[in-house]
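Architecture and fold: a report
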Amino acid sequence: MVSDPTTAFAAAWHLVATGDRELYAVVALSLRVSLTALLIATVIGLPLGGALAVYRFPGRGAMIALFDTLMGLPPVVAGLAVYLLLSRAGPLGDYGLLFTPAAMIIAQTILITPIIAALTRQFVEDDWHAYREQLTSLGSGRGRAVPTLLWNCRYSLMTAVLAGLGRAMAEVGAILIVGGNIAGVTRTMTTAIALETSKGDLPFALGLGLVLMVLILTVNGIARLGGLMIQRAGAGYA
Amino acid sequence: MRDYASILPLQLEAVSYRADDCLLLDRIDARFRAGPRSLILGPNGAGKSLLLRICHGLVKPTGGTLCWAVARPHAQAMVFQNPVLLRRSVRANITYALALAGYSRRDRRRRAEQVLEEAGLAPRARHPAAVLSAGEKQKLVLARAWALRPEVLFLDEPTANLDPGATKVIEQTITAMHAAGVKIIMTTHDLGQARRLADEIFFLHRGKLREAGAAETFFTQPGTAEAAAFLRGELVI
Ligand SMILES: Nc1ncnc2c1ncn2[C@@H]1O[C@H](COP(=O)(O)OP(=O)(O)OP(=O)(O)O)[C@@H](O)[C@H]1O
Ligand SMILES: [Mg+2]
């Protein structure tokens, strides 16, 4: 075991540069889990947020408040809830999903769907106020207005989706509880970093940390690019 | 000639609009028949935009009745006081409206090309609608309304923010649409514009319809003191 930082860095760099199989398997699983959760959360969150923005029904205010609150849901709480749901004695225990990647995807989906839905609701509602009369005049009902305005908000919505991805990739509490950090099965970048650090295997933890940083920087880079596009949209499509 | 029944006349009987103890429109009786360009004239805040919204069906009056000869979807179009355009290209703004009106993909494209050509916007077809100048945006929303071949076109102060050159172009477009058989119902607070475009005048003042009749009569022998003062260019509030 290495514990002094310089040696640890050198060993970590070696693992990353030589394409250590175990390390990259962990990276691949992380990406698979977070991207799948993001896909599901986007497919649910965009139309849900759009509908919340445009339709008026009893309980709408409460739903909006709920999603706004869930945006700040602590990952460990989400993890605990999914754990109870999926554990042997839980209502979905028969499916045997606990400690599988599917469980981690479920937990992350629960974490990021509210973010995407709440931000989408905000953006689309602003647009709805500006466009309601014009769209009604052209013969569009509320149902038709939802996809129209989602597309109209596409630049802002990209930021919402990237915020969701950022939260999923950085999160450790939920997937640690429902995945169990089993080597080769449910070990992801963040859970491995937490575990290897506590075990003292600094090179592996650091190597993962480096890859995670690069990935998050890439996501931020994409977000920045999106931001630039939105700025350009100020002159263009705004 | 149209091969279906006209939705006109539009008959308003005692149409009122009240918002928290404020009577914004007070028992308006009016009849808009096919043919003449009807101009709703009045100072700022008179209730012109509100009356137009009610006629177009966007706002329900709180009192009175509004009655078209027949109901037919997509027979009316409206151009709002501030142009409302989607964050799409110039052409896509038109094809979107045509899609809602049920045009096939091919017809949308053809019709859009045609009206953009007529509006002088063909070179801008692929540009984002948001980069257009105020005058071009106004041309675009007019072209979008015209593309739908409405029988009745509501125009809410279509030249309020434009310079004299752009105003002239828009007025020519309105005249051409009228000549093509579109019923024009428009608001303005611009006397010069009313003189140039109106066949009949509806003079609105503080939510009350003070005069309704032929434009010539209105300008030569106004029947109310408010209208006379407005015509003299006095500040009417
Ligand atoms: N839906 C509404 N609810 C409450 N108040 C309204 C509503 N619509 C219009 N008003 C009010 O009614 C008054 C008349 O508004 P309107 O926009 O019709 O005036 P206007 O004659 O079009 O004026 P301008 O020439 O400035 O456009 C204003 O005081 C406005 O605030
Ligand atoms: Mg107005």
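All values reported here derive from a predicted model rather than from experimental measurement.

1. Here we look at the overall build of chain A
Looking only at helices and strands, one finds 10 helices and zero strands in chain A. For chain A, the sequential pattern of α-helices and β-strands runs α-α-α-α-α-α-α-α-α-α. Counting all 238 residues of chain A, 45% fall into the buried class. Partitioning the contacts of chain A with sequence separation of at least 6, the portion at a separation of at least 24 is 75%. Accessible surface, chain A as shown: approximately 11,400 Å² in total, 70% of it carbon and sulfur.

2. A word on the overall build of chain B
Counting its secondary structure elements, chain B contains eight helices and nine strands. Its C-alpha atoms give chain B a radius of gyration of 18 Å, within 12% of the compact-globule value 18 Å for 237 residues. Dimensions of chain B, computed from C-alpha atoms along their principal axes, come out at roughly 55 × 40 × 40 Å. Here chain B holds 237 residues, and 51% of them are scored as buried. Of the side chains in chain B, 33 bear a positive and 23 a negative charge, and the two mean positions are spaced by 8 Å.

3. Here's the deal with the site of ligand 1
Residues and elements named next belong to chain B. Surrounding ligand 1, one finds 14 residues, the nearest of these being N44, G45, K48, S49 and E157. In this structure, A46 approaches ligand 1 through a main-chain N or O atom, which is 3.1 Å from an oxygen atom. For ligand 1, the protein covers 61% of the area, taking 640 Å² as the surface of the free molecule. Mapped onto the shell around ligand 1, the elements with two or more residues apiece are β1 (10–19) and α1 (48–56). Here the element with the most residues in the shell around ligand 1 is α1; it accounts for three residues. A class-by-class count of the residues in the shell around ligand 1 yields six nonpolar, six polar and two charged.

4. As for the nonpolar core
A general tendency of soluble globular proteins is for nonpolar side chains to be buried together. In terms of nonpolar packing, the biggest core is built from 62 residues, with I94, L140, L153 and I201 of chain B touching the most fellow members. No fewer than three residues from each of domain 1 (1–75 + 150–237) and domain 2 (86–149) of chain B sit in this core. If sequence neighbours within four positions are ignored, L153 of chain B has contacts with A77, M78, V79, L142, A145, M177, V182, K183, I184 and I185 of chain B. Grouped together as the second largest cluster of nonpolar side chains are 38 residues, M104, I105, A174 and V211 of chain A included.

5. Structural notes on the interface of chain A and chain B
As a measure of interface size, the accessible area lost when the parts come together is often cited. The interface is formed by 21 residues belonging to chain A together with 22 residues belonging to chain B. In this assembly, chain A packs against chain B so that about 2,000 Å² is buried in total across both faces, 54% of it on carbon and sulfur atoms. For the pair chain A and chain B, the number of links is two salt bridges. Here E133 of chain A and R53 of chain B are joined by a salt bridge, their closest N and O atoms 2.6 Å apart. Viewed at the interface, chain B and chain A are joined by eight residue pairs in polar contact (both at pLDDT 80 or more). Of all elements in the fold, only α5 (101–137) and α6 (142–152) of chain A reach the threshold of two or more residues within the side of chain A that touches chain B. Per-element accounting of the side of chain A that touches chain B gives the leading share, eight residues, to α5 of chain A.

6. Regarding the sheet that holds strand β4 (residues 63–68) of chain B
All names here are of chain B. Reading across the sheet, the three strands line up as β2-β1-β4 and stay open at both edges, with antiparallel pairing between neighbours. The open sheet has two edge strands with one neighbour each: β2 (22–32) and β4. If you compare each strand with its neighbour and ignore which way they point, the axes differ by 20° on average. Of the strand pairs in this sheet, β1 and β4 are connected by five bridges, and their pairing is antiparallel. Residue pairing in the sheet places Q11 in a bridge with C67 of β4.

7. A word on the pairing of β2 of chain B
All names here are of chain B. Where β1 meets β2, seven bridges bridge the pair, whose relative direction is antiparallel. Each residue of the ladder has a partner; that of Q11, found in β2, is R31. Two successive antiparallel strands, β1 and β2, enclose a turn made up of two residues, where D20 displays a positive phi of approximately 30°.

8. A word on the domain arrangement of chain B
All names here are of chain B. Taken domain by domain, chain B comprises domain 1 (1–75 + 150–237) and domain 2 (86–149). Put simply, the middle of domain 1 and the middle of domain 2, counted by C-alpha atoms, are 25 Å apart. The interface of domain 1 with domain 2 comprises 14 residues on the first partner and 11 residues on the second. Buried surface at the junction of domain 1 and domain 2, both sides included, amounts to about 1,000 Å², of which 80% is carbon and sulfur. The largest share of the area that domain 1 buries against domain 2 comes from H74, P150 and M177, three residues that together contribute 43% of it. Counting across the interface, domain 1 meets domain 2 through two residue pairs in polar contact (both at pLDDT 80 or more).

9. A word on the sheet that holds strand β8 (residues 200–205) of chain B
Residues and elements named next belong to chain B. Strands sit in the order β5-β6-β7-β3-β8-β9 across an open sheet of six strands; the sheet is mixed. This sheet does not close on itself; its edge strands, each paired only once, are β5 (76–79) and β9 (208–214). Ignoring which end each strand starts from, the neighbouring axes of this sheet average 15° apart. Its contacts with the sheet put helix α4 (residues 134–147) on β5 and β6 (152–156), and the angle it makes with β5 is roughly 175°.

10. A few points about the packing of aromatic side chains
Residue and element names in this part refer to chain B. Evaluation of the coordinates by the stated rule reveals six aromatic pairs over all chains. Ring plane angle 50° and centroid distance 5.3 Å describe the contact between F203 and F230, whose orientation is recorded as tilted. Of this pair, F203 sits in strand β8 while F230 sits in helix α8 (residues 225–231), and the two are 27 residues apart along the sequence. For F203, a relative accessible area of 0% corresponds to the buried category. Members of the aromatic cluster, connected to one another through ring pairs, are F203, F218, F219 and F230.

Rules used throughout
- Residues numbered from 1 in each chain as written.
- Chains lettered and ligands numbered in written order.
- Predicted model: local features only at pLDDT ≥ 70, side-chain atom pairs only at ≥ 80, totals over all residues.
- Heavy atoms only, no water.
- Helix = DSSP H or I, 4+ residues; strand = E, 2+ residues; numbered from the N terminus.
- Buried < 20%, exposed > 50% of the residue type's maximum accessible area, 1.4 Å probe, protein only.
- Contact = heavy atoms within 4.5 Å.
- Areas by Shrake-Rupley, 256 points an atom, 1.4 Å probe, with all protein chains shown as cover.
- Rg over C-alpha atoms; globule rule 2.2 N^0.38 Å.
- Lys, Arg positive; Asp, Glu negative; His and termini not counted.
- Charge placed at Lys NZ, Arg CZ, Asp CG, Glu CD.
- Near = heavy atom within 4 Å.
- Polar contact = N/O pair within 3.5 Å; in protein donor to acceptor, adjacent residues only side chain to side chain.
- Nonpolar A, V, L, I, M, F, W, Y, C, P; charged D, E, K, R; others polar.
- Core = buried A, V, L, I, M, F, W, Y, C linked by side-chain atoms within 4.5 Å.
- Domains from an automatic or database assignment.
- Buried area = accessible area lost by both parts, 1.4 Å probe.
- Salt bridge = Lys/Arg side-chain N within 4 Å of Asp/Glu carboxyl O.
- Pairing = 2+ DSSP bridges.
- Axes fitted to C-alpha atoms, helices over the stretch in contact; angles between N-to-C directions.
- Phe/Tyr/Trp six-rings, centres within 6.5 Å; stacked < 30°, edge-to-face > 60°.

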